Amino acid sequence: MATATLVPHLTWRIEPVGDRCLIIRLGDRVDIDVSQTVHAVAAQLMHKALPGVIDVVPAFTTVAVHYRAAARPVTSGSGHVSGHVSGHISGHASGHASAYISPYKQLKRDIDALLSAGVPALPPSTRVVDIPACYGGEFGPDLEDVATQCGLSADEVIRRHSQSPLILYTFFFAPGNPFAGPVDPSLQVPRRRTPRTRVPAGSVAIANGISSIYQNDSPGGWNIIARTPWNLFDARQNPPTRLQLGDQLRFVPISRERFAELLEARS
Amino acid sequence: MTHLMQVDQPGMFSLVQDLGRYGWQRFGVPANGAMDERAHRIANALVGNDDDAATLECTLTGPTLRFTRNTLIALSGADMAVTADGKRVPLNRAVMLRRGAVLAFSECRQGTRTYLAVRGGIDTELVMGSRSTFVRGAYGGVEGRALKRGDRVPLVTPQEDPLPLERMLVQSGLPFVEAGVVELPASASEPAPLRFMRGPQWRKFSMAARRAFTREAFVISTQSDRMGYRLDGPELDLKQPLEMISEACEFGTVQVPPSGSPIVLMADRQSAGGYPKIAYVISTDLPLLAQARPGDSLHFTPVTLRQAELAHAQAEQAFARFRQQAADAALSRPLTPAPAATQAVDDASFAALPE
């Protein structure tokens, strides 16, 4: 720990998310620096395995911590305690007839202490993943519209989307569904006004400076510019995702013929 | 021989579920798990299982099933008028069901979801540490789908000597024999409003929206499923439009998309989302919501985190006492006295159960 490089200028705010989850806020914008902090804090929390914690979930600017309150008992007025009281719960919360120690506050205190001690920085991922993507046509029905909105040709949209790697910030929406950025600023488009009722699995989409790949056939409101033949999720692998947080994703334009050759089965 | 549950009729939507698939949400994997965790846990406790043993969650119309061995089962949750060879099987009570007896679920009279626990649990494949079925992802449970006719679902084969209840069954000639009655742990009583904690965007909603949320009725829409319940009622508007960065969602999170109609996220929720969150339904009251159905009307009332935590702790204490008594009723104290030697064995296996 003494020699590890720590995440610089770490500041955070912790809030409850109902009575079985809390959230650690680590920034207020989506960018690479905040994402690296989020990943480092998530890694440290998983490494330390605090009592009662059952899931640690990094998003763009936050880390969610799901916990079982029963592992962090509440003392009631009668002094009856459900479960064992762990050593770090000191007696000086008393002074009142009813000593009440909130499971949330216990966990928050542990996390505050853990983060205050400093969080080792993760080395930036050097892994670059080339993701084949067939742009336009039925695979990218919004390509022309995006080009019009951005005042560019369709070819130029493809070039700018595929030329520089995107950092994989987080997964959600569906298993293995990646969200990566920053997308070239000249390709800044909002979500579509009317979502589609069905977006095919593998669709590569952009909105608000982020690119994603739909993992399941599902409704969706993002701008679909391409489709990848890859399947990025396999529930029977560990990890189940082909891509990893922090990966640099580079889209590689391919032809329809190549798409057909590379097409992978989905479970 | 493998212990199996034979599916003669699948019911409307019968899914294998446990307490959920935690530890994988960072890969975008939803937690899933039983919608009504309380009924799932009660059914498990009645047959002496851990909370996390897999049960069958039956929605609105249940299945017709047979078992390849005498099986200790329990039903909890919605009342679906279940019979074994035509004889009514009680809810919330362990029963030893005869091998081959036809366990038939009928119409759902009250509530929405019935949980069927079998002693030892359903033994389908673990996927990422859980047996919960995720239909949209097509994994977990039986081939990632609801039961269908002809399925043969593997059950954990008991390694123990026959329970006293099973010896009674053999002597009785009945389709099943019942364990003793156990008083259920107290729960929130029904027409009570659902308790909620204020969400992070609570103050970003208009005064009218906040007032409506706490005072007016919301009706569960037909567009509701295991992922979320859409609610019809007063439109909840923000003071001004809000750009949100997606962040954690939890079972019970009430988010409000631009339409103004709130959605309560349920067991199959996504791990993160980007709509403003007006509230979180407290965990103790989620079972009430899970048993509600489209057309039912709901009210919400605010509580503090402290109140939510105390309600949770009290429910857990009550449940711990129930678990103890339930295991006694099913395993150690049959309606007729068991031979002393077997009693000792049962006490020993009971002592190993977590409290």
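Quick caveat, the model's predicted, so the values are computed rather than measured. (Residues numbered from 1 in each chain as written. Chains lettered and ligands numbered in written order. Predicted model: local features only at pLDDT ≥ 70, side-chain atom pairs only at ≥ 80, totals over all residues. Heavy atoms only, no water.)

### Description of the packing of aromatic side chains
- Counted by the stated rule, this structure contains 17 aromatic pairs over all chains.
- A centroid spacing of 6.1 Å and a plane angle of 80° characterise the contact between phenylalanine 60 of chain A and phenylalanine 179 of chain A, whose relative ring orientation is edge-to-face. Within this pair, whereas phenylalanine 60 of chain A is found in the loop between β3 (53–58) and β4 (62–67), its partner phenylalanine 179 of chain A is found in strand β7 (residues 178–181), the two being separated by 119 residues in sequence. Here phenylalanine 60 of chain A and phenylalanine 179 of chain A have matching classes, each one buried.
- Aromatic pair phenylalanine 319 of chain B and phenylalanine 322 of chain B: ring centres 5.8 Å apart, planes at 45°, arrangement tilted. Of the two residues, phenylalanine 319 of chain B and phenylalanine 322 of chain B both sit in helix α5 (residues 305–332), three residues apart, roughly one turn of that helix.
- Classification of phenylalanine 322 of chain B as buried rests on a relative accessible area of 1%.
- One aromatic cluster is present, built from ring pairs that chain together Phe60, Tyr169, Phe172, Phe179 and Trp222 of chain A.
- Across from the ring centre of phenylalanine 319 of chain B, 4.3 Å away, lies the NZ or CZ of arginine 41 of chain B, which sits over that ring. (Phe/Tyr/Trp six-rings, centres within 6.5 Å; stacked < 30°, edge-to-face > 60°. Helix = DSSP H or I, 4+ residues; strand = E, 2+ residues; numbered from the N terminus. Buried < 20%, exposed > 50% of the residue type's maximum accessible area, 1.4 Å probe, protein only. Lys NZ or Arg CZ within 6 Å of the ring centre and 35° of its normal.)

### Some details on the pattern of salt bridges
Residue and element names in this part refer to chain B.
- Tallying each qualifying case throughout the model produces 31 salt bridges over all chains.
- Taking the shortest distance from any N to any O, the salt bridge between aspartate 285 and arginine 195 comes out at 2.8 Å. You can see aspartate 285 sitting in the loop between β20 (277–281) and α4 (286–291) and its partner arginine 195 sitting in strand β13 (residues 194–198), a full 90 residues away along the chain.
- Judged by relative accessible area, which is 25%, arginine 195 ranks as partly exposed. (Salt bridge = Lys/Arg side-chain N within 4 Å of Asp/Glu carboxyl O.)

### Thoughts on the domain arrangement of chain B
Residues and elements named next belong to chain B.
- When cut into domains, chain B gives domain 1 (4–182) and domain 2 (194–307).
- A separation of 30 Å is found between the C-alpha centroids of domain 1 and domain 2.
- Between domain 1 and domain 2, the residue contacts involve 28 residues of the former and 15 residues of the latter.
- Interface area for domain 1 against domain 2, summed over the two sides, is near 1600 Å², with a carbon-plus-sulfur share of 44%.
- The tally of links from domain 1 across to domain 2 stands at one salt bridge.
- Applying the counting rule to domain 1 against domain 2 returns 13 residue pairs in polar contact (both at pLDDT 80 or more).
- Mapped onto the side of domain 1 that touches domain 2, the elements with two or more residues apiece are β2 (14–17), α1 (37–46), β5 (71–79) and β10 (110–118). (Domains from an automatic or database assignment. Contact = heavy atoms within 4.5 Å. Buried area = accessible area lost by both parts, 1.4 Å probe. Polar contact = N/O pair within 3.5 Å; in protein donor to acceptor, adjacent residues only side chain to side chain.)

### Some points on the sheet that holds β20 of chain B
Residue and element names in this part refer to chain B.
- Taken in spatial order, the eight strands make up an open sheet running β21-β14-β15-β18-β17-β20-β13-β22, and their pairing is mixed. At either margin of the open sheet sits one strand with a lone partner, and together these are β21 (297–298) and β22 (300–302).
- When β13 meets β20, the two strands line up antiparallel, connected through three bridges. Bridged to arginine 198 within β20 is alanine 279.
- Across the sheet, helix α3 (residues 207–215) is in contact with β13, β14 (218–220), β17 (253–255), β20 and β22; its angle to β22 comes to roughly 110°. (Pairing = 2+ DSSP bridges. Axes fitted to C-alpha atoms, helices over the stretch in contact; angles between N-to-C directions.)

### Side note on the interface of chain B and chain A
- With 43 residues of chain B at the contact, the number on the chain A side is 51 residues.
- Of the roughly 3900 Å² buried where chain B meets chain A, counting both sides, 59% is carbon and sulfur surface.
- By the criterion of area lost to chain A, the three top residues of chain B are Arg26, Phe27 and Glu309 of chain B, representing 17% of everything that side buries.
- For the pair chain B and chain A, the interface holds three salt bridges.
- The salt bridge involving arginine 236 of chain A is made with glutamate 125 of chain B; its shortest N-O contact spans 3.0 Å.
- It is α5 of chain B that contributes the most residues to the side of chain B that touches chain A, nine residues altogether.
- When its residues are assigned to classes, the side of chain B that touches chain A shows 24 nonpolar, ten polar and nine charged. (Nonpolar A, V, L, I, M, F, W, Y, C, P; charged D, E, K, R; others polar.)

### Examining the pairing of strand β3 (residues 55–59) of chain B
Residues and elements named next belong to chain B.
- Counting buried positions over the five residues of β3 gives five, a clear majority of the element.
- The two faces of β3 match: Thr55, Glu57 and Thr59 on one face and Leu56 and Cys58 on the other face are all buried.
- Across four bridges, the pairing between β2 and β3 is antiparallel. Looking at β3, one finds that glutamine 17 is bridged to threonine 55.
- Sheet topology places β3 next to β10; four bridges connect them, and they run antiparallel. Directly across from glutamate 57, in β10, lies its bridge partner tyrosine 115.

### Focus on the nonpolar core
- Of all hydrophobic cores here, the largest spans 55 residues; its most connected members are Leu72, Phe213, Leu236, Ile278 and Phe300 of chain B.
- Looking at this core element by element, the count peaks at six residues for α5 of chain B.
- Not counting residues within four places of it along the chain, the set of residues in contact with phenylalanine 300 of chain B comprises Pro193, Leu194, Phe196, Phe213, Thr214, Phe218, Leu231 and Val281 of chain B.
- Ranked by size, the runner-up nonpolar core spans 38 residues in total, among them Val157, Ala180 and Leu249 of chain A together with Phe27 of chain B. (Core = buried A, V, L, I, M, F, W, Y, C linked by side-chain atoms within 4.5 Å.)

### So, empty space enclosed by the protein
- Tallied over the full model, the rule gives two cavities of 30 Å³ or more.
- Within this model, the largest cavity holds a volume of roughly 70 Å³.
- Looking at the largest cavity, the residues that line it are Arg20, Ile54, His66, Tyr67 and Arg68 of chain A together with Leu19, Tyr22, Glu37 and Glu250 of chain B.
- Split into classes, the residues belonging to the lining of the largest cavity amount to four nonpolar, one polar and four charged. (1 Å grid on protein atoms, 1.4 Å probe; cavity = no way out; pocket = protein on both sides within 12 Å on 5 of 7 lines; lining within 4 Å. Points joined across faces, edges and corners; volume = space filled by probe spheres on them.)

### Focus: the sheet that holds β5 of chain B
Residues and elements named next belong to chain B.
- Ordered in space as β2-β3-β10-β5-β8-β12, the six strands form an open sheet in which the pairing is antiparallel. What marks the edges here is a single partner per strand, and that holds for β2 and β12 (176–178). Across the sheet, the mean angle separating the axes of adjacent strands is 30° when strand polarity is ignored.
- Judged from the three bridges that link them, β5 and strand β8 (residues 95–97) form a sheet pairing that is antiparallel. In the strand pairing of β8, isoleucine 73 is matched with valine 95.
- The strands touched by α1 are β2, β3, β5 and β10; relative to β5, the strand with the most contacts, the crossing angle is about 155°.
- Most of the contacts of helix α2 (residues 164–172) go to β12, to which it runs at about 130°, and overall it touches β5, β8 and β12.

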